[in-house]
Amino acid sequence: DGWFSAGQNGEVVRSFEIKGDFVQQEKKVYTFQNTDPKIDWCYLRHPNFENYIFQDNKYILIGTDITLDDKDSPAFIALRQKDFEMEITCDVKVLDGEGGITLYMDENHHYDLAILKDTNGIKVIKKLNIGDIKTVHNYINISSSQAQLIIRSDNLRYYFGVQLDGQEYDLGSAQTRYLSSEVAGGFTGVMIGLYALGDNNTVEFENFKCVYK
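A brief report on the enclosed structure follows. As the structure is a prediction and not an experimental result, all values here were calculated from the model.

## Let's talk about the packing of aromatic side chains
Logical step 1: All told, the structure shown has 14 aromatic pairs when counted by the stated rule.
Logical step 2: Taking 5.9 Å as the distance between ring centres and 50 degrees as the angle between the ring planes, the aromatic pair formed by Phe49 and Tyr52 counts as tilted.
Logical step 3: Residue Tyr52 is classed as buried on the basis of its relative accessible area of 7%.
Logical step 4: Through a chain of ring-to-ring contacts, the aromatic side chains of Phe32, Trp41, Tyr43, Phe49, Tyr52, Phe54, Tyr59 and Phe208 assemble into a single cluster.

Shown next as structure tokens:
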């Protein structure tokens, strides 16, 4: 019984020393191998873990009809963007539907780079979603449902591309400011997400790498 007390005699110690040899190293490269889906990666709301398969160098997401624009829990897993200058690469394979990488602030503000496979063929698409404006800003037709998606960034712009048969194709850029908390609101910052869209659409992600410059 009695009053709660903390610290030393109710006061907080300004500094203290921990015995041991510790070296803090800044992490510059993030991959599937050096991150943990239960610790480092985030989900939207209440995910259905039956739609996620985690392997050493491959994540498999099984899509639903829930999109990134819905206030719900799509097949989505993400890391926090930690710096302006970065390069993201990932090999993506889509069974039937849409899947790829999203730079996600919230359901109304996100940029998506994805493979889309439907009755009209197979494309790599770049989508810009800013408030009520949602558009496929650019695309390139491809012959395979697998490609390496590439996103680079600096403090002003995100740059989108795809590598096919050893050649990189430019899909243009978009301003970073429209995903900022000053424009979009919120406080979480941008998430680097992998997603799958389309009922029972299986999307395989391999060789994911995010490198901060």
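## Considering the pattern of salt bridges
Logical step 1: A complete count under the given rule lists 8 salt bridges for this structure.
Logical step 2: Look at the salt bridges and you will find they share partners, linking Glu87, Arg152 and Glu168 into a network.

## Considering the nonpolar core
Logical step 1: Formed by 45 residues in total, the largest nonpolar core has its most connected members in Ile88, Leu103, Ile115, Val124, Tyr158, Phe160 and Phe208.
Logical step 2: Residues in contact with Phe208, not counting those within four places in the same chain, are Tyr30, Thr31, Phe32, Trp41, Leu79, Ile88, Thr89, Cys90 and Leu194.
Logical step 3: One finds Leu44, Leu68, Met191 and Tyr195 within the second-largest nonpolar core, a separate group that totals 10 residues.

## Section: the pairing of strand E10 (residues 146-153)
Logical step 1: Inspection of the sheet shows strand E5 (residues 86-94) paired to E10 by 8 bridges, in the antiparallel sense. Note that in E10 the partner of Cys90 across the bridge is Leu149.
Logical step 2: With 6 bridges joining them, E10 and strand E11 (residues 157-164) adopt antiparallel strand pairing. Counted as the bridge partner of Gln148 is Gln163 from E11.
Logical step 3: Connecting the antiparallel pair E10 and E11 is a turn made up of 3 residues.

## Digging into the side chain of Glu98
Logical step 1: Inspection of the secondary structure puts Glu98 in strand E6 (residues 97-106).
Logical step 2: Given the relative accessible area of 7%, Glu98 is considered buried.
Logical step 3: Within the structure, Glu98 has its side chain in polar contact with the side chain of Lys127 (distance 2.8 Å).
Logical step 4: Excluding its chain neighbours within four sequence positions, the residues that come into contact with Glu98 are Ala114, Ile115, Leu116, Ile125, Lys127, Tyr195, Ala196, Leu197, Asn201 and Val203.

## Details of the sheet that holds strand E4 (residues 75-80)
Logical step 1: The 6 strands lie next to each other as E4-E13-E6-E7-E8-E9, forming an open sheet whose pairing is antiparallel. Strand pairing shows two members of the sheet lacking a second neighbour, E4 and strand E9 (133-142), which therefore form its edges. Strand after strand, the sheet turns through a mean of 15 degrees between neighbouring axes, direction not considered.
Logical step 2: In the sheet, strand E7 (residues 109-118) pairs with strand E8 (residues 121-130) via 10 bridges, with the strands oriented antiparallel. Counterpart to Tyr111 in the pairing with E8 is Leu128.

## Regarding a negative patch on the surface
Logical step 1: The grouping of Asp65, Asp70, Asp72 and Asp199 at the surface amounts to a negative patch.
Logical step 2: Relative to the helices and strands, Asp72 is located in the loop between strand E3 (58-62) and E4.

Procedures and definitions
- Residues numbered from 1 in each chain as written.
- Predicted model: local features only at pLDDT ≥ 70, side-chain atom pairs only at ≥ 80, totals over all residues.
- Heavy atoms only, no water.
- Phe/Tyr/Trp six-rings, centres within 6.5 Å; stacked < 30°, edge-to-face > 60°.
- Buried < 20%, exposed > 50% of the residue type's maximum accessible area, 1.4 Å probe, protein only.
- Salt bridge = Lys/Arg side-chain N within 4 Å of Asp/Glu carboxyl O.
- Core = buried A, V, L, I, M, F, W, Y, C linked by side-chain atoms within 4.5 Å.
- Contact = heavy atoms within 4.5 Å.
- Pairing = 2+ DSSP bridges.
- Helix = DSSP H or I, 4+ residues; strand = E, 2+ residues; numbered from the N terminus.
- Polar contact = N/O pair within 3.5 Å; in protein donor to acceptor, adjacent residues only side chain to side chain.
- Axes fitted to C-alpha atoms, helices over the stretch in contact; angles between N-to-C directions.
- Patch = residues over 30% accessible without salt bridge, like charges linked within 9 Å, V, L, I, M, F, W, Y side chains within 5 Å.
- Areas by Shrake-Rupley, 256 points an atom, 1.4 Å probe, with all protein chains shown as cover.
- Lys, Arg positive; Asp, Glu negative; His and termini not counted.
- Charge placed at Lys NZ, Arg CZ, Asp CG, Glu CD.

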